Amino acid sequence: MVELVLTSLADQIGWTDSDVFECPAPTGLFLVSAPNDIAPNSMVEVDDGYLCWLAPGRCLAVTATPPAGFVSDVTQGSALFVVRVHAAELLAMGSALPASALGEGRCAQTLFAGVKTLLYRRAGLLHIHVDRPLAPYLRDWLRQAATSF
Amino acid sequence: MRYSGWQLLKQGLRGNAGWQPAWRTPVLQRSYDAIVVGGGGHGLAAAYYLARVHGLKRVAVLERGWIGGGNTGRNTTIVRSNYFFAESAAMYDFALRLYEGLSRELNYNIMLSQRGVLNLAHTEHDMELMTRSVNAMLLNGIDVELLDAKQVRDEVPLLNFSPSARFPIHGGFVQRRGGVARHDAVAWAYARGASDLGVDIIQNCDVTGWLREGSRIVGVETSLGRISAGVCAMSVAGHSGVMAEMAGFRLPITSYALQAMVSEPLKPILDTVVMSTATGMYVSQSDKGELVFGAGLDLYPSYAQRGNLPTGQAIVAAMLELFPAFRRLKMLRQWAGIVDVCWDYSPVIGPAPVEGLYLNCGWGTGGFKATPVGGWLLAHLMATGQHHALSAPFDLGRFTSGMLVDEAAGAGIAH
Amino acid sequence: MTGTRLGSGGRIDRGQVIPFRWGDTVLQGFAGDTLASALLANGVRVVGRSFKYHRPRGIFAAGVEEPNAIVDVRIGDRHDANARASLVTLQHGIVARPIAGWPSVTRDAFAALDLLQRFLPAGFYYKTFMRPSWSRYEANIRRMAGLGRASHQPDMRQFETRNIQIDVLVVGAGPAGLAAARAAAASGRSVMLVDENPDFGGSLLWQDGTIDDRPAADWAAATTAELAAQGVTLLPATTAFGYYDHNTLGLMERRATAAPGWALDRLWCVTAGKVVLATGSLERPLVFPHNDRPGVMSAAAVLRYLRQYAVLVGRSVVITTNNDSAYATAAALRLAGAEVAVADVRTAPGQAAKDATALGVSVIPGSVVTDTGGRLGVRWADIGPADATSKKAATRRVSCSIVACSGGWTPVVHLFSQSGGKLRWDAAASAFLPGIGRQDHQLSGGMNGVTSLAECLASGHRAGIAASGATMLAAPRAEPAAVETPLQPFWFVRIPGARQWLDLQNDVTVKDVGLAARENFQSVEHLKRYTTLGMATDQGKTSNVNGIAVMAELTGRGIAETGTTTFRPPYAPVSLGGLAGSRHGLLYSPRRELPAHGEHLALGADMREYGGWMRPACYPRLDETTAAAIRREASAVRADAGLFDGSSLGKIEVCGPDAAAFLNLMYYNNVENLKPGRLRYVLLLREAGTVYDDGVIARLAADRYLLSPSSSHTAGVLAMLEQWRQTEYPAMHVAFHDVTAAWATFVVCGPRVRDIMASLAAEIDLSDAALPHMALADGHVLGVPARIARVSFTGERSYEVSVPAGYGPALWRHLLAQGPTPYGIESLSVLRAEKGYILIGTDTDGLTMPADLDMSGPLRAKKVDFVGRRSLTTPDGVRADRRQFVGLLPQDPNFVPPVGTHAVDASRKSLGWITTSAYSPTVGRSIALAMISGGRARIGDVVELFDRGRVSQAKVCAPVFHDPAGEKLHG
């Protein structure tokens, strides 16, 4: 039987090695609405990944398997950009979010480059989640901004 | 004293010492036939028409600050009547026709420049909506013309026709009789005309409450004392909600800051008023050479008459996206007014829910173009106690009957 | 004579010569010059013309307050049509030219207007130009107005924006600002220091003084270096132009260099924990007759040009002043070898005058300049009694090339006022000073009325501490100020006759203020608007206070009572491109791309924007017109099979024990009785009862639904659901997930669709029994999770196949390989029009109610309340003549009337309009859908159509043209 092949985000947007960002493919991304005690705008480590607070009773699970609750699989719907260099400058160019809002274990939903994103730092790198249909736009914005350095 | 080139010559030879006050500073009386609260364009026009059309002798305009200091002095000076619904078209075109004769009638150059107002279409769907609007206007007797992309380009070559334009221009429609007028001059012209007819214009008079006899409003409480009146009206854009609350009723109005800005003055570069629903912007060039433009509201209710930087940036971006050559220019001044927005983007004109008081409010972002008709209709209401045919559709009761005049829907704005 | 460069001194680098063009001539300056200082050094006197009278204008000041030297500057491909010469850093390649005067700035044909000046007072244009109408005069007036000539070329540069949060923002790097930043930095907080000049130090760069036993300029340089070493963010050549709410300020930086393709202007949006305002003060002119000639300059500016740029503006100078500060200029000029006379309004000018006299300066107490002469620049000045009231007063004429004037100092309180602070007139200081402030800021130095260097340093230090916390650092020390003789307010010369200028750029004189007062334009705002005082590009920095003072006197009020106008951003003109930043071109607002976007491009699709998504309008083949492509695609769907990308349709998952009850409250239709596995077409109304959106609801389980709003309304529907749940029904347990982006959805439909579906090897029962029309099922296709729904927007048997978005391209390729015809939105629109299916926002507008669409059935069947229900029964909701959704068959079957054509009655009153119009390949003729007043009752009638004067006829019919019974859904 023929099986459908998966088009990665990197292939979709034509990622190249010279880009200022990476496009990793998380094994799983899930919108979860369920009671939780995650502190607002913070991230929590779990066995197979981490959870990002989005709203009271809502989080984004970046995990291999979906947690319990009302879960929607958005693995294919959320594009993840990881900024390789000039993260502080790009953040300052794209968003009014204070750098302090993205300290250790912190995350924030905010406008970046004019679109709704989820931002956090992980392993010292700036992570940007955006709706996948907006990925080409964000790619263009980041590439454009990078030419200023 | 009549204004004319001869008068300038005559007075010039006398050292300009002979000019008379444009409006009197009268002694405040304790009672009037009619009191108009609000010395902006609409209020002054109402007072003028009360005196001239209805012959009222004892009329006062009470203004909290300096006349014309509210939205009349803060708008982007566009005049047009290219509205969708017959009720709106009739009303705004009545205003435009009054504007066309206003300099003559008031012997004051309001600098009406009927250079055309061009609305841009950026998609096929926009063109379809515009065709609908253009036909509606033509059937209502409004002079408009649908243009294709080439005609728009011939009209305003500076527009963004580049392949990388975010909002390609498919065409548009133009009202040739639309244009701009000098906003301060409109206020001062009506003030002078009204004053010459005996209207008392009282500045620095803050209305702090309404006087009642039973449930009827019979005057006002002010910072200069009590004044009684046969009939009262409020024409206080930006403060209608506050004044209504003083009288014990609520209005379906939300007040927002609307920013406007001007560039440094330039030699003539833009000869038409241009508006675009894609970015929400409108721009024209004043006779002094400044580009005058605006776009969307600061989206939080406010009486502050000051917007904030993010919206200011968005407005500039909205205008520049249609005129990329202007990116090199500089902003010289930025300010804001308070716009009273009704749900259907049409004004409220008519009796208040309280006897003895008439309303002229809710003009949102479009009050300046209607200054003459707002005044005309308010005067009619105050003098006769009845709606004019033009004001009836805008009565406050439409929010109960559902008979809204939804100009936002008319413009294709989903809201 | 005129200006010259001294052989030594100044902060310029004589080793770096910079040639530049001024008009037709090539001149020279040095690194460190501004364009203004270089022009003065070259003896250039006339740089422009005044706005109304076209009188010659020379450089007046040395900074942002310069009113006259507005020039056209090009450097490479950069162009500023209205550059302020005192702010232009001289650099290689500058091409500058005057913007006024024809044929030249020194020989201007329009100078004749000055002869008519008495007939052109303030506001003269309101009193004439009425006959026959303003339009007769406007074009010429416009041509004479305006300053520079803007370029018509689009500007392709990128503009950078930076957002930054900082603990302490210090605005102004003069003595107070440097002291404040130094104290704040010592606290360990994050600090930013900004100044509009390329070098920090402010007046320390050109005024005498010693700080901590060092020359003041050295202290400034050393302190700047220390601040840099401590990690303070330093922004020179940056104007803080706006102070907004929440301690947010806008700064516009004018960088010296930028990456290729990037503009030098860079916007900073700064949110500060605390702000320290140290913006200093600007000298205001002393007003006297004919004070507008080239050569009349600010005394402080003369000193600055001498000290900072080594430019001696003239060798014979008359100074006219009412305060001590001008004596520093007198002394410095004398030491540079100029002849100097000082006319001091005060009868007992005090120690400063004595010291100047000792240097050989001639001081005349109790006097003022009462007139000047010289056609293209000052050649003489008359000095007479300060209290003179007639032309007959005794005066003495002094030959001079410069009249330097000083009327006092105006604190720069603009940002304070913008932030919401109130100003108060302080008579002792003869200045508007900050009163009650509204935001979290500290005030220091000249802007707060402090005048001496020692006090500026101390106040700056205190402000820095107040903004950041205590520090052990001691305040910088300077010698206490010498005792000053107080300023004597002097607003204008009392001799009638000659004009005395207040606003040099807009030609507003004391007489104009008198006229405004006489005509009752007495409030400060009326004064400004009537005379245009302060409305030029210098924004009244040197004219506002003088104008207010004159108005106060002429109307018998105090200055405090007269008041001042409100200050608004920007403090100085700032780049529009800089404000817009990256928000232009394709980055102006985002467009969304479909998962299979690349596939559509590969097929040559005509991609257009619909509701923020790039979608295929159709797939024209080589040499095929759009119309032909649409007909071919539509025909293929009806005859064979079609393939459509529906991935942009909204998908909102709704889950919770109260999901059914909540959705029932929201939607027009009953969704509670929808069975799991079934779909229902629904409407979502606004509270006004009008249709906001339509779509399909799928019930997945007892507590789970999937909503399909239209692609352009998904965000709005989600927002509406969230708002109602959060604010009106917070106790209901239901949540919403927008999963639109997570799925790719393709529609296959047409007679041959079953063969195509079979190729999917779906582990889903696709039989009609298991999956009837308006049903859905989950499973797998081709090895990946999938959902298949039977729902049709074309009227053909139709399946929507959804897979996770990443599999979209592959699924599209697989389906395409089965041979269906790809069709786009325009083709779909024809197909759905043939069936009379509505398109929200096309067939409906913001006024359409369900009954207008003949969809009253669900209302009758629904017992509970829902959003908009009440409005359906208002008088407007039940009007008999409401516009109703019908079909139209144009009389000429080949004529396709444009969308927007109106139907009219016999008296040419509109009955409604055409909302959809197309040539139908299926029925072989033109068809249209319309909203017509009382439409359903008119079925069978012929109506007249009107489109911009062209008239035609059409028959009203039911809004369906093909397969009215819907048999093909099951075909």
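Residues numbered from 1 in each chain as written. Chains lettered and ligands numbered in written order. Predicted model: local features only at pLDDT ≥ 70, side-chain atom pairs only at ≥ 80, totals over all residues. Heavy atoms only, no water.

Draft legend 1. Quick peek at the interface of chain C and chain B. Counting from both sides, the interface comprises 110 residues of chain C and, opposite them, 106 residues of chain B. For the chain C face of the interface with chain B, the top three residues by lost area are Tyr126, Arg142 and Leu576 of chain C, together amounting to 9%. Connecting chain C to chain B are 7 salt bridges. Linking chain C with chain B are 57 residue pairs in polar contact (both at pLDDT 80 or more). In terms of residue count, strand β7 (residues 78-84) of chain C provides more of the side of chain C that touches chain B than any other element does, 5 residues in total. Residue classes in the side of chain C that touches chain B are distributed as 47 nonpolar, 34 polar and 29 charged. (Contact = heavy atoms within 4.5 Å. Buried area = accessible area lost by both parts, 1.4 Å probe. Salt bridge = Lys/Arg side-chain N within 4 Å of Asp/Glu carboxyl O. Polar contact = N/O pair within 3.5 Å; in protein donor to acceptor, adjacent residues only side chain to side chain. Helix = DSSP H or I, 4+ residues; strand = E, 2+ residues; numbered from the N terminus. Nonpolar A, V, L, I, M, F, W, Y, C, P; charged D, E, K, R; others polar.)

Draft legend 2. Broad picture of the interface of chain C and chain A. Listed per partner, the contact involves 42 residues of chain C and 40 residues of chain A. Between chain C and chain A the total buried area reaches about 3,500 Å² when both faces are included, carbon and sulfur atoms providing 62% of it. Contact with chain A buries surface across chain C, with Asn163, Leu587 and His737 of chain C losing the most and accounting together for 18% of the total. Connecting chain C to chain A are 1 salt bridge. Of the charged contacts, one joins Glu722 of chain C and Arg58 of chain A as a salt bridge, the two residues approaching to 3.4 Å between their closest N and O atoms. Inspection of the chain C/chain A interface yields 16 residue pairs in polar contact (both at pLDDT 80 or more). For the side of chain C that touches chain A, the secondary structure elements donating two or more residues are β9 (158-171), β34 (592-593), β38 (652-655), β42 (735-738) and α20 (808-817) of chain C. Sorting elements by how many residues they give to the side of chain C that touches chain A places β9 of chain C first, with 6 residues.

Draft legend 3. Focus on helix α5 (residues 299-309) of chain C. All names here are of chain C. Extensive coverage of α5 is indicated by the burial of 10 of its 11 residues. For α5, the full list of buried residues reads Ala299, Ala300, Ala301, Val302, Leu303, Arg304, Tyr305, Leu306, Gln308 and Tyr309. Just downstream of α5 lies Ala310, where phi reads positive at about 55°. (Buried < 20%, exposed > 50% of the residue type's maximum accessible area, 1.4 Å probe, protein only.)

Draft legend 4. Layout of the pattern of salt bridges. Per the counting criterion, the structure on display carries 79 salt bridges over all chains. Between Arg58 of chain B and Asp33 of chain B there is a salt bridge, with the nearest N and O atoms lying 3.5 Å from each other. With Arg58 of chain B in the loop between α2 (41-52) and β2 (59-62) and Asp33 of chain B in strand β1 (residues 31-37), this residue pair connects regions lying 25 residues apart in the sequence. Residue Arg307 of chain C is joined to Asp208 of chain C by a salt bridge in which the shortest nitrogen-to-oxygen separation is 3.2 Å. On the criterion of sequence distance, the pair formed by Arg307 of chain C in helix α5 and Asp208 of chain C in the loop between β10 (191-194) and β11 (210-211) is long-range, its members being 99 residues apart. By relative accessible area, Arg307 of chain C is classed as partly exposed at 26%. Connected through salt bridges with shared partners, the residues Arg55, Arg57, Asp114, Asp292, Arg499 and Asp507 of chain C form a single ionic network.

Draft legend 5. Spotlight on the packing of aromatic side chains. Residue and element names in this part refer to chain B. Using the criterion set out here, one finds 39 aromatic pairs over all chains in the structure. For the pair Tyr92 and Trp363, a centre-to-centre distance of 6.1 Å together with 80° between the ring planes defines the contact as edge-to-face. Of the two residues, Tyr92 sits in helix α3 (residues 86-106) while Trp363 sits in the loop between β18 (357-361) and α9 (371-384), which places them 271 residues apart along the sequence. For Tyr92, a relative accessible area of 3% gives the class buried. The class of Trp363 is buried, set by a relative accessible area of 11%. When the centroid spacing of 5.2 Å and the interplanar angle of 70° are considered together, the rings of Phe94 and Trp376 count as edge-to-face. Note that Phe94 is positioned in helix α3 and Trp376 in helix α9, a separation of 282 residues in sequence. (Phe/Tyr/Trp six-rings, centres within 6.5 Å; stacked < 30°, edge-to-face > 60°.)

Draft legend 6. Summary view of the sheet that holds strand β2 (residues 13-22) of chain C. Residues and elements named next belong to chain C. The mixed open sheet is built from 5 strands, whose spatial order is β3-β2-β8-β6-β7. Two strands lie at the open edges of the sheet, namely β3 (25-31) and β7, each paired on one side alone. Averaged over all pairs of adjacent strands, the angle between strand axes in this sheet comes to 30°, irrespective of strand direction. Note that β2 and β3 share 7 bridges and pair antiparallel. Bridging from a neighbouring strand, Trp22 pairs with Thr25 of β3. (Pairing = 2+ DSSP bridges. Axes fitted to C-alpha atoms, helices over the stretch in contact; angles between N-to-C directions.)

Draft legend 7. Up close: the pairing of strand β43 (residues 743-749) of chain C. Of all 7 residues in β43 of chain C, 7 are buried, a share of seventy percent or more. The two faces of β43 of chain C match: Trp743, Thr745, Val747 and Cys749 of chain C on one face and Ala744, Phe746 and Val748 of chain C on the other face are all buried.

Draft legend 8. Up close: the nonpolar core. Leu35 and Tyr305 of chain C are the most contacted members of the largest nonpolar core, which totals 200 residues. For this core, the element with the most residues is α3 of chain B, which contributes 9 residues. In this structure, Tyr305 of chain C is in contact with Ala36, Ser37, Leu40, Ile59, Ala61, Ala62, Ser86, Met297, Ala310, Val311 and Val313 of chain C, ignoring residues within four places of it in sequence. (Core = buried A, V, L, I, M, F, W, Y, C linked by side-chain atoms within 4.5 Å.)

Draft legend 9. Structural context of the sheet that holds strand β4 (residues 117-121) of chain B. Spatial ordering of the open sheet is given by β5(B)-β6(B)-β4(B)-β13(B)-β14(B)-β15(B)-β12(B)-β16(B)-β33(C), a layout of 9 strands whose pairing is mixed. Across the chains shown, the open sheet's two edge strands, defined by having one partner strand only, are β5 (145-148) of chain B together with β33 (574-575) of chain C. Bridge count between β4 of chain B and strand β13 (residues 273-276) of chain B: 4 bridges; the pairing is parallel. Looking at the pairing, Asn119 of chain B lines up with Met275 of chain B of β13 of chain B. The strands that helix α8 (residues 309-322) of chain B touches are β4, β12 (253-265), β13, β14 (281-285) and β15 (290-301) of chain B; relative to β15 of chain B, the one it contacts most, it runs at about 135°.

Draft legend 10. Broad picture of the side chain of Thr76 of chain B. Residue and element names in this part refer to chain B. Looking at the element boundaries, Thr76 is found in the loop between β2 and β3 (78-79). Residue Thr76 is classed as buried on the basis of its relative accessible area, which comes to 10%. Apart from residues lying up to four places away in sequence, Thr76 is in contact with Ala260, Tyr282, Ser284, Val292, Phe293 and Gly294.

Draft legend 11. Seen up close, the side chain of Asn75 of chain B. Residues and elements named next belong to chain B. Here Asn75 is to be found in the loop between β2 and β3. Of note is the side chain of Asn75, whose polar atom sits 2.9 Å from the backbone oxygen of Thr72. Here the side chain of Asn75 touches Thr77 through a polar contact of 2.8 Å, landing on its backbone nitrogen. Apart from residues no more than four positions distant in its own chain, Asn75 is found in contact with His183, Trp335 and Phe368.

Draft legend 12. Here's a closer look at the arrangement of the chains. Ranking by contact count across 2 pairs of chains in contact places chains B and C at the top. Chain B makes no contact with chain A, the minimum C-alpha separation between the two being 10 Å.

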